[in-house]
Amino acid sequence: MNFKIKVPQELEAKFMLWTDISFHDMEVIDNIHSIPDLESALCNVFGVDLPEPKRAVLLELYVQTVLFCRQHSLKKEQTSALLSIIKSIHEANIETPLCNIEQCLNYSKELLFCHSVRRPPFSIDIFSFQEVECILKYIHSNYLRHYKLYKYIFTPQVTLDLSLTYSGMPDHGSPVLEDSSVPDVENATEEQAAPNIDTSFITEHEEASTASTSELKALIEQEVRQQLKLASGQLDQTIREKEKAFQLNGALNSSQPNLQAKKEKDGKKMK
């Protein structure tokens, strides 16, 4: 199935107080303590209608978020906003099969900023800076850390079909169609025998293709030999230069003791 791949882009954050979960829904969720009942309630609230394993993975993400809010004693409005934030980050991740980890990270920071600074009508302050830091660590360790796993499960796999065309080479891409109108062999008579197929054109075409392939192979081999010869020459020149430098250093080192002895001898004569 053909579909248009969406290019990753920066998303605009907005505050999400009571966007997906109402106050009444939060009262129902707060009174549920078993995991299966909590999954069922979140499934109804968010309207999750996905096949397995997508349904189980998404509900597990929401359940873990509710448990995190309970562990840190977050209020109803905070839990509702955080669930909507997690949902928005997940939707931003799976909107494209291409890599958009940087966009998701920036989007999560902007969403938390919209819920930690009082600047109506653009943002509200339902989270403190300490809570924002704790929530950001939770999002990083529980979602962004498994970013590729969520993308693999919820996005279609994209395969690159690459074909190369060389200039001067015959085109072999056109498929050969079988003739479905050939009569039945058992009912065929001598008068309805199939005409002979002239294979001279096919033979000439194959010979031309073989010749072109051989010429291309010869050109590639010639170019490779030239490159190897050039590299070998450069390597030999480098080795000769290093040998000359080594010999020069050896000559200098051997002349230093003689020069020192000559200086000492001249000094004694002067005395």
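Let us look at the structure shown here.

Calculation rules
Residues numbered from 1 in each chain as written. Predicted model: local features only at pLDDT ≥ 70, side-chain atom pairs only at ≥ 80, totals over all residues. Heavy atoms only, no water. Helix = DSSP H or I, 4+ residues; strand = E, 2+ residues; numbered from the N terminus. Contact = heavy atoms within 4.5 Å. Core = buried A, V, L, I, M, F, W, Y, C linked by side-chain atoms within 4.5 Å. Buried < 20%, exposed > 50% of the residue type's maximum accessible area, 1.4 Å probe, protein only. Arc of directions from axis to C-beta. Polar contact = N/O pair within 3.5 Å; in protein donor to acceptor, adjacent residues only side chain to side chain. Expected span 1.5 Å × (residues − 1). Axes fitted to C-alpha atoms, helices over the stretch in contact; angles between N-to-C directions. Parallel < 35°, antiparallel > 145°, perpendicular 65-115°, else oblique. Patch = residues over 30% accessible without salt bridge, like charges linked within 9 Å, V, L, I, M, F, W, Y side chains within 5 Å. Areas by Shrake-Rupley, 256 points an atom, 1.4 Å probe, with all protein chains shown as cover. Salt bridge = Lys/Arg side-chain N within 4 Å of Asp/Glu carboxyl O. Phe/Tyr/Trp six-rings, centres within 6.5 Å; stacked < 30°, edge-to-face > 60°.

Our focus in this paragraph is the environment of tryptophan 18. By secondary structure assignment, the location of tryptophan 18 is in the segment before α1 (23-30). The sequence separation of tryptophan 18 and alanine 81 amounts to 63 residues, and the corresponding C-alpha distance is 6.5 Å. Not counting residues up to four positions away in its chain, the partners in contact with tryptophan 18 are Phe23, Met26, Lys76, Glu77 and Ser80.

Turning our attention to the nonpolar core. Most often, soluble globular proteins keep nonpolar side chains buried together rather than apart. Ranked by size, the top nonpolar core spans 44 residues in total, and within it Leu42, Leu82, Phe127 and Ile139 carry the most contacts. Elements supplying a minimum of two residues to this core: α1, α2 (35-46), α3 (54-71), α4 (76-94), α5 (101-114), α6 (129-142) and α7 (147-154). Sort the elements by how many residues they give to this core and α3 lands first, with eight residues. In contact with isoleucine 139, not counting residues within four places along its chain, are Ile85, Ile86, Ile89, Ser108, Leu112 and Leu144.

Bringing α7 into the picture now. Buried within α7 we find Tyr147, Tyr150, Lys151 and Phe154. The buried residues of α7 occupy an angular sector of 100° when projected down its axis, which confines them to one face. For α7, the exposed residues lying more than 90 degrees away from the buried face are Lys148, Leu149 and Tyr152. Of the surrounding secondary structure, the elements contacted by the buried residues of α7 are α3, α4, α5 and α6.

As a further point, take the side chain of threonine 96. Of note, threonine 96 is situated in the loop between α4 and α5. Using a relative accessible area of 1% as the deciding quantity, one classes threonine 96 as buried. A distance of 2.5 Å separates the side chain of threonine 96 from the backbone oxygen of lysine 6, its partner in a polar contact. In terms of polar contacts, threonine 96 uses its side chain to reach the backbone amide nitrogen of leucine 98, at 3.1 Å.

Before going further, it helps to spend a moment on the environment of isoleucine 101. The topology assignment puts isoleucine 101 in helix α5. Taking the C-alpha atoms as reference points, isoleucine 101 and proline 8, separated by 93 residues in sequence, lie 9.2 Å from one another. For isoleucine 101, the contacting residues outside a window of four places in its chain are Leu144 and Tyr147.

This part takes up α5. The terminal C-alpha atoms of α5 lie 20 Å apart, and with 14 residues this matches the ideal 20 Å at 1.5 Å per residue to within 8%. Taken together, the buried positions of α5 are occupied by Gln103, Cys104, Tyr107, Ser108, Leu111, Leu112 and Cys114. Down the axis of α5, the smallest arc covering the buried residues is 165°, so these residues share one side. Those residues of α5 hidden inside the fold are in contact with α4, β1 (116-119), β2 (123-125) and α6.

Attention now moves to the packing of α2 against α3. Running from N to C, α2 and α3 cross one another at 110°; their axes reach a closest spacing of 9 Å. Taken together, the axes of α2 and α3 are roughly perpendicular relative to one another. From α2, Ile35, Leu38, Glu39, Leu42, Cys43 and Phe46 reach across to α3, where they touch Arg55, Leu59, Glu60, Tyr62, Val63, Val66, Leu67 and Arg70.

Before going further, it helps to examine a nonpolar patch on the surface. On the surface, Leu160, Leu162, Leu164, Tyr166, Leu216, Ile220, Val224 and Leu228 cluster together into a nonpolar patch covering about 880 Å² of accessible area. When its relative accessible area of 63% is taken as the criterion, leucine 164 is described as exposed.

This part covers the packing of aromatic side chains. Summed over the entire model, instances satisfying the criterion amount to four aromatic pairs. Arranged with centres 4.3 Å apart and planes meeting at 15°, the rings of phenylalanine 68 and tyrosine 138 form a pair that is stacked. Of this pair, phenylalanine 68 sits in helix α3 while tyrosine 138 sits in helix α6, and the two are 70 residues apart along the sequence. Note on tyrosine 143 and tyrosine 150: the rings are 4.5 Å apart at their centroids and 20° apart in plane angle, and the pair reads as stacked. Just as tyrosine 143 is buried, tyrosine 150 falls in that class too.

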